[in-house]
Each structure stands twice: as C-alpha cells, then as structure tokens.
Amino acid sequence: MEISEGGSPYERIRYNAYWHNAHLDTELTVTKDQMEATLNHLDDCIQNPTRGLLARREQKKSIPNYPQFFRNEEIMFSFPEVKAKNDVFESQYKKMYPKTGEIRKSLIESKYVVLNTVKPKMTRFQKLIFKLFHV
C-alpha cells in the first residue's frame, strides 16, 4: 500500500495503525518487521496521542471479531523496545491529559469522536447518559 502526497493529512497515521492492528491479528509469530510497524504506530501516538488512538480505533473495524482475534497483543507488548515505547506513550498521555484522559479514551472507544470526520454535536441527554455510564 503506497501513500501518496497531497492526500489526507492522517494517511501515514492510519497506515501505521492499520499495520499495527494487522500484525496483532495473525497466527504467525511476531517478526522484527511487525515490531517496527508497532513502533511506528507508537511514535504517532507519542507525537499526538488523540490522533494515534483515533487511528487505532478506526483500523480495528477492519479486523473481524475484535478483540478475540488479537492473538499477538501480549507477545508484541512484551518485547523490551515496544514495552519501553508504550510506557513513554502512556506516561506522556497521563501527563498531557491528567483529568480528561479516561474520558477521551471512552469517547474514542464508543465512537463519539472519529478521525477525519465531523459528527453531530451530542444533545444534553446524550451527554448525561455518557457521563452516567462511561465515567
């Protein structure tokens, strides 16, 4: 898959997130190339955590029956390089969003916020329901 110049500003982030997710959902053992794809995705997440998490969530839709088929997730995140970079990402995320981090993750996982698309504003009732059940 080739990424062309002049396209969406999020294509590189999407590309890295797609391959990160694809390598987690395989029956093959994890290789160095697959680990590089995950490291590239984590670099995107470190540079802009919200965009990285949005791309990760968007690319999960292409994986059938997520999360049951993420066979290599534990193996991938047990490698020292990946674990170190993920720890940097998690600590930076907590430092950047100390009060709103969990709510941001909930909004992303529940698809209230998506990458490269504008969704309608939530009504007061929707906000109330979200606060009651997601926090």
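### A word on the pattern of salt bridges
The final tally for this structure, using the stated rule, is six salt bridges. The salt bridge involving Glu 11 is made with Arg 14; its shortest N-O contact spans 3.1 Å. One end of the pair, Glu 11, and the other, Arg 14, are both in helix H1 (residues 11-24), three residues apart, so they sit about a helical turn from each other. The buried category is assigned to Arg 14, whose relative accessible area is 16%. Glu 109 is the partner of Arg 57 in a salt bridge, and the nearest nitrogen-oxygen pair spans 4.0 Å. Note that Arg 57 is positioned in helix H3 (residues 49-60) and Glu 109 in helix H6 (residues 101-109), a separation of 52 residues in sequence. Looking at Arg 57, the relative accessible area reads 16%, which means it is buried. What emerges from the salt-bridge pattern is a single network uniting Glu 11, Arg 14 and Glu 58.

### Here's the deal with a positive patch on the surface
Residues Lys 121, Arg 124, Lys 127 and Lys 131 make up a contiguous surface patch of positive charge. A relative accessible area of 59% means that Lys 131 is categorised as exposed.

### So, the packing of aromatic side chains
A full pass over the atoms with the stated rule returns three aromatic pairs. Geometrically, the ring pair formed by Tyr 18 and Trp 19 is edge-to-face, given 5.1 Å between the ring centres and 80 degrees between the ring planes. On the basis of relative accessibility, which here comes to 29%, the residue Trp 19 falls in the partly exposed class. Pairing Tyr 93 with Tyr 97 gives two aromatic rings, centres 5.1 Å apart and planes at 65 degrees, and the pair type is edge-to-face. Assessed through its relative accessible area of 3%, Tyr 93 is described here as buried. Joined through ring pairs, the aromatic side chains of Phe 89, Tyr 93 and Tyr 97 make up one cluster.

What counts as what
- Residues numbered from 1 in each chain as written.
- Predicted model: local features only at pLDDT ≥ 70, side-chain atom pairs only at ≥ 80, totals over all residues.
- Heavy atoms only, no water.
- Salt bridge = Lys/Arg side-chain N within 4 Å of Asp/Glu carboxyl O.
- Helix = DSSP H or I, 4+ residues; strand = E, 2+ residues; numbered from the N terminus.
- Buried < 20%, exposed > 50% of the residue type's maximum accessible area, 1.4 Å probe, protein only.
- Patch = residues over 30% accessible without salt bridge, like charges linked within 9 Å, V, L, I, M, F, W, Y side chains within 5 Å.
- Areas by Shrake-Rupley, 256 points an atom, 1.4 Å probe, with all protein chains shown as cover.
- Lys, Arg positive; Asp, Glu negative; His and termini not counted.
- Charge placed at Lys NZ, Arg CZ, Asp CG, Glu CD.
- Phe/Tyr/Trp six-rings, centres within 6.5 Å; stacked < 30°, edge-to-face > 60°.

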